[in-house]
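# Structural features, examined
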Amino acid sequence: MSGGVLIVGGSVGGIRTARALRNEGYAGAVTVVEAESHLPYDKPPLSKVPLDGDAHVPLLTAEEASELGIELVLGSVAVELRTQANQLVLADGAILDYDELVIATGAAARPSPWTGPDVHVLRTLSDARALRESLKGAAHLLVVGAGFIGAEVASLARKQGIDVTIVDPAPIPMARIVGNELGERLSDLHRTNGVETKFGTTVSALDRVDGGLRAQLSDGSEFPVDAVVVGIGAVLDVGWLESSGLTLDDGVVCDEYGRTPDVAHIHAVGDISKWYQPRLDKSARVEHWTNAVEQANTLAHNIVHPDDLQAHDPVAYVWSDQYNWKIQLFGTRDTTADPLVVEQSDPLRLAAIWQDSDGRASGGFTVNWPKASVQLRRTIAAGGPADAVHTQLSTPAVKR
Ligand SMILES: Cc1cc2nc3c(=O)[nH]c(=O)nc-3n(C[C@H](O)[C@H](O)[C@H](O)COP(=O)(O)OP(=O)(O)OC[C@H]3O[C@@H](n4cnc5c(N)ncnc54)[C@H](O)[C@@H]3O)c2cc1C
């Protein structure tokens, strides 16, 4: 096989790049090498589709791949990148040539300190299916880590009538992202949905007793559980790139166009990539779905039109579905001032606006309020004043 664009990683970053190359009119070969054997699927549904459903939401079917002329090389792991020779080496010894190479290998779940058939992480479709199997007939789930994934799994389990205990070493787990006040609201959301929260607490031991699992916590409590989900973040695997000559610094370092600065014809997108962001005047890695999609579109344009380079300068965005809350988060949280908050009850709607020292909206948080989300995101992108968007959102017309 030779030439064209070779993409390593067949999840949202890689597949959206392949599709966007065709949208941009690229006529050469497009090949996607993917370690997993499943047809490409999306990750957010893994923690959002109800536990009695199948979480497989395709990113590209076999028919679409064939129509678009995208070759999928599934079940193949890239083990070495020879940048001098424009070659990618696979675990089975195969060597693929490329004109342009896109690294879209994302991240993996941080491994659980405990193992066993009833102890799970959640990053892949196989993880999601194993978790669903394990929770069939389960009475009590222990969730370790109250970040987005832990919170979403707790929410799914409660909807299924499963008792849930959620443990996190931080006293207010989401405070690091949204501040103490909103973090406390998110902690309360678990409690009002019947979850037992053990925050500021760690798991001291998870023992197998009489064939079942028994958890011991640092607060001295002990209880049996049927299954455990460990959601303690993600890790990167850049080992296969170490001899490539690329700059690796908590990800694959790229300029604002998605190109690696030291080696020509290599690009990166999605969770593994660390693009320079002009808005922040620094390179930053972003582990969110929308970022991967936007980078993929920008990168495909830049590969096809190298004389008309476009920068990707995002307002960070992530959503999360927890119980009956649809949460959206934008931009960056400035801590120089308290957020401006607009809230409405019955049904609950909430918007919090963070502002920088000049009073510009730097970030925001909304609950169940799509109209406010659109307005906030637009204001943040334009560097508009926080108090103006606060006033707009407070008017009855917008509140509806
Ligand atoms: C359960 C879950 C829920 C999420 N929910 C949300 C959400 O609600 N909102 C949001 O914004 N974000 C969410 N995310 C994050 C979002 O899904 C990621 O940001 C996105 O998947 C990143 O896409 P990616 O293509 O960069 O990497 P990944 O999705 O990590 O995919 C990388 C792919 O590369 C493959 N690969 C890795 N190494 C190799 C190799 N050496 N050779 C070949 N292939 C390789 C992997 O098998 C994988 O398929 C969620 C993530 C998870 C796990």
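Below, the structure is looked at part by part. Quick caveat, the model's predicted, so the values are computed rather than measured.

### Some remarks on the packing of helix α8 (residues 370-382) against helix α9 (residues 386-394)
With their axes 10 Å apart at the nearest point, α8 and α9 run at an angle of 165° to one another. Here α8 is positioned roughly antiparallel relative to α9, judged by the angle of their axes. Between α8 and α9 lies a crossing of right-handed hand. Of the residues in α9, those in contact with Ala 372, Gln 375, Leu 376 and Thr 379 of α8 are Val 389, Gln 392 and Leu 393. A class-by-class count of the residues in the contact of α8 with α9 yields 4 nonpolar, 3 polar and no charged.

### Some points on the pattern of salt bridges
One pass over the structure, following the stated rule, counts 22 salt bridges. A salt bridge links Glu 80 to Arg 82; the nearest nitrogen and oxygen atoms lie 3.3 Å apart. Residue Arg 82 is classed as partly exposed on the basis of its relative accessible area of 32%. The residue Asp 358 makes a salt bridge to Arg 360 at a minimum N-O spacing of 3.3 Å. Overlapping salt bridges, with partners in common, bring together Glu 184, Asp 188 and Arg 191 in one network.

What counts and how
Residues numbered from 1 in each chain as written. Predicted model: local features only at pLDDT ≥ 70, side-chain atom pairs only at ≥ 80, totals over all residues. Heavy atoms only, no water. Axes fitted to C-alpha atoms, helices over the stretch in contact; angles between N-to-C directions. Helix = DSSP H or I, 4+ residues; strand = E, 2+ residues; numbered from the N terminus. Parallel < 35°, antiparallel > 145°, perpendicular 65-115°, else oblique. Left-handed = near helix turned anticlockwise from the far one by under 90°. Contact = heavy atoms within 4.5 Å. Nonpolar A, V, L, I, M, F, W, Y, C, P; charged D, E, K, R; others polar. Salt bridge = Lys/Arg side-chain N within 4 Å of Asp/Glu carboxyl O. Buried < 20%, exposed > 50% of the residue type's maximum accessible area, 1.4 Å probe, protein only.

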